[in-house]
Amino acid sequence: MCAIPTETSEGKKRLIRAYGGTIIEIGNSYEECHRALVENDTYREYVNISAGVHPLKDQGNKLIAYEIAEELGKTPDVIVLPLANGSLFSGIFRGFWELKTLGLVESLP
């Protein structure tokens, strides 16, 4: 069961269905959908697997910074990534911040 905003693109909806997912459309935006799932008793039996609410999300995403630094042997000037709710950005930043704090890289991207 996938709860998604009604404004989700048809391409994403087709992909969910192609993998056997059942769709529930709630609200017009991600924020409205998320709020309804969190605040409404009707949906208590469902599990929210979005990365934005997982308490350890930054710990996993920061490993990307470690991999980038290891592959390049330094910090890149720029990293381009999708922003969405910012969890990927904050995790990668945290990873480079830790590497810099430990003296393993000289700068932040």
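Here goes a summary of the coordinates provided. (Residues numbered from 1 in each chain as written. Predicted model: local features only at pLDDT ≥ 70, side-chain atom pairs only at ≥ 80, totals over all residues. Heavy atoms only, no water.)

Across soluble globular proteins, you tend to see nonpolar side chains buried next to one another. Within the largest apolar cluster, six residues are counted, these being A65, A69, I92, F96, L99 and V105. For this core, the secondary structure elements donating two or more residues are α3 (57-72) and α4 (87-101). Broken down by element, this core gets its largest block of residues, three residues, from α4. (Core = buried A, V, L, I, M, F, W, Y, C linked by side-chain atoms within 4.5 Å. Buried < 20%, exposed > 50% of the residue type's maximum accessible area, 1.4 Å probe, protein only. Helix = DSSP H or I, 4+ residues; strand = E, 2+ residues; numbered from the N terminus.)

Turning our eyes to something else, we now look at the pattern of salt bridges. It is possible for side chains bearing opposite charge to pair when their charged atoms get close. A complete count under the given rule lists four salt bridges for this structure. Across the pair K13 and E10 runs a salt bridge whose closest N-O atoms are separated by 3.5 Å. Taken together, the residues span about one helical turn, with K13 and E10 both in helix α1 (residues 10-18) at a distance of three residues. Taking the relative accessible area as the measure of exposure, K13 reaches 4% and is therefore buried. Salt bridges here are not isolated pairs; linked through shared partners, they connect E10, K13 and E25. (Salt bridge = Lys/Arg side-chain N within 4 Å of Asp/Glu carboxyl O.)

A few words on a nonpolar patch on the surface. Residues L83, F89, F93 and W97 make up a contiguous nonpolar surface patch of roughly 450 Å² in combined accessible area. Within the fold, F93 resides in helix α4. (Patch = residues over 30% accessible without salt bridge, like charges linked within 9 Å, V, L, I, M, F, W, Y side chains within 5 Å. Areas by Shrake-Rupley, 256 points an atom, 1.4 Å probe, with all protein chains shown as cover.)

Let us look at the packing of α3 against α4. Taken N-terminus to C-terminus, the directions of α3 and α4 make an angle of 55°; their axes are 7 Å apart at the nearest point. Of the possible angle classes, the one that applies to α3 and α4 is oblique. Pair α3 / α4 crosses with right-handed handedness. From α3, K57, D58, Q59, N61, K62, I64, A65, Y66, I68 and A69 reach across to α4, where they touch S87, L88, S90, G91, I92, R94, G95, F96, E98 and L99. Looking at the contact of α3 with α4 residue by residue, the class counts come to nine nonpolar, six polar and five charged. (Axes fitted to C-alpha atoms, helices over the stretch in contact; angles between N-to-C directions. Parallel < 35°, antiparallel > 145°, perpendicular 65-115°, else oblique. Left-handed = near helix turned anticlockwise from the far one by under 90°. Contact = heavy atoms within 4.5 Å. Nonpolar A, V, L, I, M, F, W, Y, C, P; charged D, E, K, R; others polar.)

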